[in-house]
Structure formats: structure tokens, C-alpha cells
Amino acid sequence: MMYDFQKAPARWQTDSVKWDIKPGELPLWIADMDFFTAPEIIAALQKKLELGAFGYETPHQDYFQAVAEWYTREHQSRPQIDWFLFATGVIPALSAIVRHLTQAGDQILVQAPVYNIFYHSIENNGRRSVVNELYYQAGEYQIDWADLATKLADPLTTMMILCNPHNPVGKVWTSIEIQKIAQLCQDNQVILVADEIHGDLVWAGPDYTPTFSLPEKLRRSTITLVSPSKTFNLAALHAATVIVPDPDLRARVEQGLNLAEVAEPNLLALPGTIAAYSQGQNWLAELKQQLRANYTQAIEFIKQELPTIRVVSSRATYLLWLDVQVLTSSATDLATHLRTETGLILNAGTVYRGNGKHFLRLNFACPPEMLADGLQRLRQGISTYQAK
Ligand SMILES: Cc1ncc(COP(=O)(O)O)c(C=O)c1O
């Protein structure tokens, strides 16, 4: 490998949310990787800092060109540059879109268990979450189509937020599934917002289908949210691109982003994104190799040492979704036990709703040695939990 995925940056006491922990604890929770980002990105950020002048910024052609070329090279589908809007993050954009394109009291559909902040964007803005619960059987999640069709047909449902690939279950929706969802949304005048922040992290099998790449008729009422932040571990860069093919919808989204004041980049957002998208391809290819190896390391350990845990099969994201229903009726209780007894910090699935209360989420994007430590702690914690 050209890049080093064996060492973790020392982030304790560096204002990191993930590493805001007690000495001896091991944080394998929030979706933030313990790898150094691509050196090409670090060099671009350093160059910007050396300039020594940090006034207001606005994205130019080179930014939009870098995004378009990334999707062409990495995902074989070229969005048009005039479909793009800059935003200071996927969630800031999502909340602004919810506020501007729906009314207080509207229903917004999500597929639970799903990234918990979706519920905040909906409910903190006075809208209601309507849940199309994913159907769980034999360690796999599927869409309950009849339920989805019924809930989208409800006149109170005006928007759907899709997560593709899906956090936390690691599912990559097929092109046929995305088309079917978009068709159902269109038939019911529901705006489809696709959060594709994990889209670059498909490390096995066929690639994901960007929603903006759907046929013209279907993409008309869609908004796709992308960012290099999960791909390259740049969450604090606060940069995302909002892709809206339809010009009328785009004008409304742009107004919403501006009203919410989430349309202006900070000093590092543009050079960081341009470097990631124009020079990060080799780094990402190696990251995906490492993620595949780490996934195998984790599932083999769990199969041999922790037969009471079932791992939901996945081929994207760096999040393991662990079915612990044989061990407990409360994943929150088990997560608390793991932290107090072993220092291992995982996410309890309860916050993702749906059947999440039976699951733990483990972030495996870290050097293999750190992952091995986490897995040993998991084994130790489960054994004392069972002995309680
Ligand atoms: C599905 C999903 N969307 C959005 C985000 C956060 O995006 P941002 O930091 O750009 O607001 C995350 C972070 O984990 C995520 O998993």
C-alpha cells in the first residue's frame, strides 16, 4: 500500500467529539475514522493556510468541476455542473430543505432503523416523522414496499429522506430499488431527498446508484446530498454539494440554503474538497481495501468468539450492525455495561428507532490493532454481561 492505514492520529484532548473520553476508553462509535486523511488533502489545506488571508469565499468552476469529475470517474455518472449548490454540510442542507420545502405539521418519511439525526431535522423543525420500517429477516434488511406505497400515498407525506448506502444497516440499494422509490415518490408528489454521504464507501460488490443519475423523468423531483466528509474523514471541513437536476426545484432549494445561511464555505472547505475529489482516488481505493480487511477481521472474530451476536451482512460504510437480541432486550443497557466494564464505546441502536433497540453499531474504520483491542473488549464485556 502507498498510504498508511496502520497508525491512528493521536486525537485525545484535540477537541475531537469521538475522543472526548476518559483515559483507557476506546471509542468505536461516531462515524469518524481513525486514519490519517489523504496527504494530498493535507497539502492543499496547508497551502491555503500559508496564504495568510482568509476573507469570504465562494465556490467557482474548479470546485463544481472537481465534484462532477469525481462522480464521472468514481461512479460512472456525470451530473451537470449547473445542478450543483454548495452547502456547509449534509445535515445543515437537509434541515434547511425540510424547513423551506415542507410545511409545519407535514409528514416526512424515513426508513428505520436510520441515522438518528434525520429525526432531529424533521421533528426539531415541527414536522412529523413517518416511518417505513425496514423488514428484518435472517440477518438482512429489505424494503416493505406495500407499507412504503401506503405511507407515500398519504396526502400529509410531502418528503422522503432516503439513506443510500444506508446508515446503520450498511445496505446498498440497487438501481431498481432506487428507481422504484423515485417512481413512488413522483406518483405521490413527494420530494425525494437522497443522503448519499456514504456513497463512496462501497467496498465490495457493485457500486451504488446516485439518485441524480436516474432517468430524466424520475430525477425531476429529487435532491441528492453528497460530501467528501465520510469518504476522507473531513467532517469538520463542513462541506457538501446539493445536486438538484430540476431548475425550479433548484431555485427553491437555493433560497432555502441561503435563508438558513448554510451556503457559504469556510476557509478550508473549497481547497479540501477540490483536493479530495481531484487527487484522492488512490487513497480511497486503498482505504476500501483496508475496510474490507477490517470487516473480515471483525466478522471472523465474532463468528468464532461471540456466537450469540449476529452480524448484519454489509458491503458499504465502516459501520457494523450487530444483532444482540439473544443477549439483551436493551442495547442501551448492554452499551452502558460495555463502556463501564471494558471502556469500549459503541452506539446503542435504540436512537435509530425501528428495531434498533436490539442492535449495537461498531465503527471498524481504524488500524487493525485498535480493532483487535475493541473486539477483545467486546468479548470480555459480553461475557461479564452474560454472567450478571
Ligand atoms: C447518513 C449521514 N448523513 C449525514 C451525516 C453527517 O453529515 P454532515 O456532517 O455533512 O452534516 C452522517 C454522519 O455520520 C451520516 O451518517
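Residues numbered from 1 in each chain as written. Predicted model: local features only at pLDDT ≥ 70, side-chain atom pairs only at ≥ 80, totals over all residues. Heavy atoms only, no water.

Student: For this particular structure, what's the right way to read helix 11 (residues 331-342)?
Tutor: Between the first and last C-alpha of helix 11 there are 16 Å, a value that for 12 residues agrees with the 16 Å anticipated at 1.5 Å per step. Taken as a whole, helix 11 has its buried residues at A331, L334, A335, H337, L338 and T342. Seen end-on, helix 11 carries its buried residues on one side only, within an arc spanning 160 degrees. In this structure, the buried residues of helix 11 make contact with strand 13 (344-345), strand 14 (347-348), strand 15 (359-363) and helix 12 (368-387). Where helix 11 terminates, the next one or two residues include G343, which has phi positive at roughly 85 degrees. (Helix = DSSP H or I, 4+ residues; strand = E, 2+ residues; numbered from the N terminus. Expected span 1.5 Å × (residues − 1). Buried < 20%, exposed > 50% of the residue type's maximum accessible area, 1.4 Å probe, protein only. Arc of directions from axis to C-beta. Contact = heavy atoms within 4.5 Å.)

Student: Even after reading the chapter, I still don't get the site of the ligand, so can you show me in this structure?
Tutor: Every residue lining the ligand is accounted for by A31, G89, V90, I91, P92, Y115, C163, N167, D195, I197, H198 and K230. Between the ligand and the protein, one listed contact pairs an oxygen atom with a backbone N or O atom of I91 at 3.0 Å. For the ligand, whose accessible area on its own is 400 Å², the fraction buried by protein is 89%. Under a 2 Å grid-point criterion requiring more than half of the atoms, the pocket assigned to the ligand is the largest pocket. For the shell around the ligand, the leading source of residues is helix 3 (residues 90-101), giving three residues. (Near = heavy atom within 4 Å. Polar contact = N/O pair within 3.5 Å; in protein donor to acceptor, adjacent residues only side chain to side chain. Areas by Shrake-Rupley, 256 points an atom, 1.4 Å probe, with all protein chains shown as cover. 1 Å grid on protein atoms, 1.4 Å probe; cavity = no way out; pocket = protein on both sides within 12 Å on 5 of 7 lines; lining within 4 Å. Sits in = over half its atoms within 2 Å of the grid points.)

Student: I'm lost on the layout of surface pockets in this one. Help?
Tutor: Unoccupied space between atoms shows up once a probe the size of one water molecule is rolled over them. Looking at the largest pocket, its volume works out to about 1200 Å³. In terms of lining, the largest pocket is formed by 45 residues, of which the most central are D32, K230, L234, A235 and A236. Broken down by secondary-structure element, the contributors of at least two residues to the lining of the largest pocket are helix 1 (39-51) and helix 3. Here the lining of the largest pocket gets three residues from one element, more than from any other, and that element is helix 3. Split by residue class, the lining of the largest pocket holds 25 nonpolar, 14 polar and six charged. (Points joined across faces, edges and corners; volume = space filled by probe spheres on them. Nonpolar A, V, L, I, M, F, W, Y, C, P; charged D, E, K, R; others polar.)

None of the figures reported here should be taken as evidence of function without further support.
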